[in-house]
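In case you want the letters, here they are:
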Amino acid sequence: MTPTTHKEETMDTTVYTNANLDEFIAAKHSGNTLEVDRDIFDYFLEVLPPIFMDKTIDGRRYSFGFAEGAESVVGFWHEGTGDDERYFCRDLHMMNPHA
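Computed from a prediction, not measured in an experiment: that's the story for all the values here.

(A) Up close: the overall build of the chain. When you go through the chain residue by residue, the secondary structure sums to two helices and six strands. Going residue by residue from the N terminus, the α and β elements of the chain occur as β-α-β-α-β-β-β-β. Compactness check: the chain gives a C-alpha radius of gyration of 13 Å against a globular reference of 13 Å for 99 residues, within 12% of the reference. Projected onto its principal axes, the C-alpha positions of the chain cover 35 × 25 × 25 Å. Going through the 99 residues of the chain one by one, you find that 41% of them count as buried. Within the chain, residue pairs in contact and separated by at least 24 positions form 40% of the contacts whose partners lie at least 6 positions apart. For the chain, the exposed surface amounts to about 5600 Å²; the carbon and sulfur share of it is 48%. Side-chain charges of the chain comprise 8 positive and 19 negative groups, with the mean position of each set lying 7 Å from the other.

(B) Looking closely at the environment of Val47. Tracing the sequence through the fold places Val47 in the loop between α2 (38-46) and β3 (52-57). Taking C-alpha positions, Val47 is 16 Å from Phe24, a pair spaced 23 residues apart along the chain.

(C) Structural view of the packing of aromatic side chains. Per the counting criterion, the structure on display carries 11 aromatic pairs. Centroid distance Phe41 to Phe64: 5.2 Å. Interplanar angle 75°. Geometry classified as edge-to-face. With Phe41 in helix α2 and Phe64 in strand β4 (residues 60-66), this residue pair connects regions lying 23 residues apart in the sequence. A single burial state applies to Phe41 and to Phe64, both of which are buried. For the ring pair Tyr43 and Phe44, a centre distance of 5.1 Å and an interplane angle of 85° mean the geometry is edge-to-face. Residue class for Tyr43 comes out partly exposed when judged on its relative accessible area of 44%. In this structure, Arg60 is placed above the aromatic ring of Trp77, and the distance from its NZ or CZ to the ring centre is 4.1 Å.

The rules behind these values
- Residues numbered from 1 in each chain as written.
- Predicted model: local features only at pLDDT ≥ 70, side-chain atom pairs only at ≥ 80, totals over all residues.
- Heavy atoms only, no water.
- Helix = DSSP H or I, 4+ residues; strand = E, 2+ residues; numbered from the N terminus.
- Rg over C-alpha atoms; globule rule 2.2 N^0.38 Å.
- Buried < 20%, exposed > 50% of the residue type's maximum accessible area, 1.4 Å probe, protein only.
- Contact = heavy atoms within 4.5 Å.
- Areas by Shrake-Rupley, 256 points an atom, 1.4 Å probe, with all protein chains shown as cover.
- Lys, Arg positive; Asp, Glu negative; His and termini not counted.
- Charge placed at Lys NZ, Arg CZ, Asp CG, Glu CD.
- Phe/Tyr/Trp six-rings, centres within 6.5 Å; stacked < 30°, edge-to-face > 60°.
- Lys NZ or Arg CZ within 6 Å of the ring centre and 35° of its normal.

Below, the structure is given as structure tokens:
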């Protein structure tokens with residue numbers, strides 16, 4: 001799987017949680033890097049089988065990719081450890097190959 005288009009990466013300043021899950025759903029295909037909390041990261045890891053696990057795409061190591069049906073894959077990753085661990089995702093601009 002390779003992305004079909006490349007968009008300059010920008011960072012959304014919102015940290016998405018269950019409290020603003022609807023906003024996250026609306027923003028997840030924006031192409032921006034989104035910061036999410038551990039609960040959202042775990043939810044998307046567990047809700048459906050991942051499209052992929054531990055994959056490097058365009059130099060970034062993603063923990064997993066998520067897509068529901070015929071939509072673009074969203075890659076999730078984390079940085080840091082312990083109390084400093086942060087979670088991120090962004091649309092990879094590639095369609096779910098399993099749809």
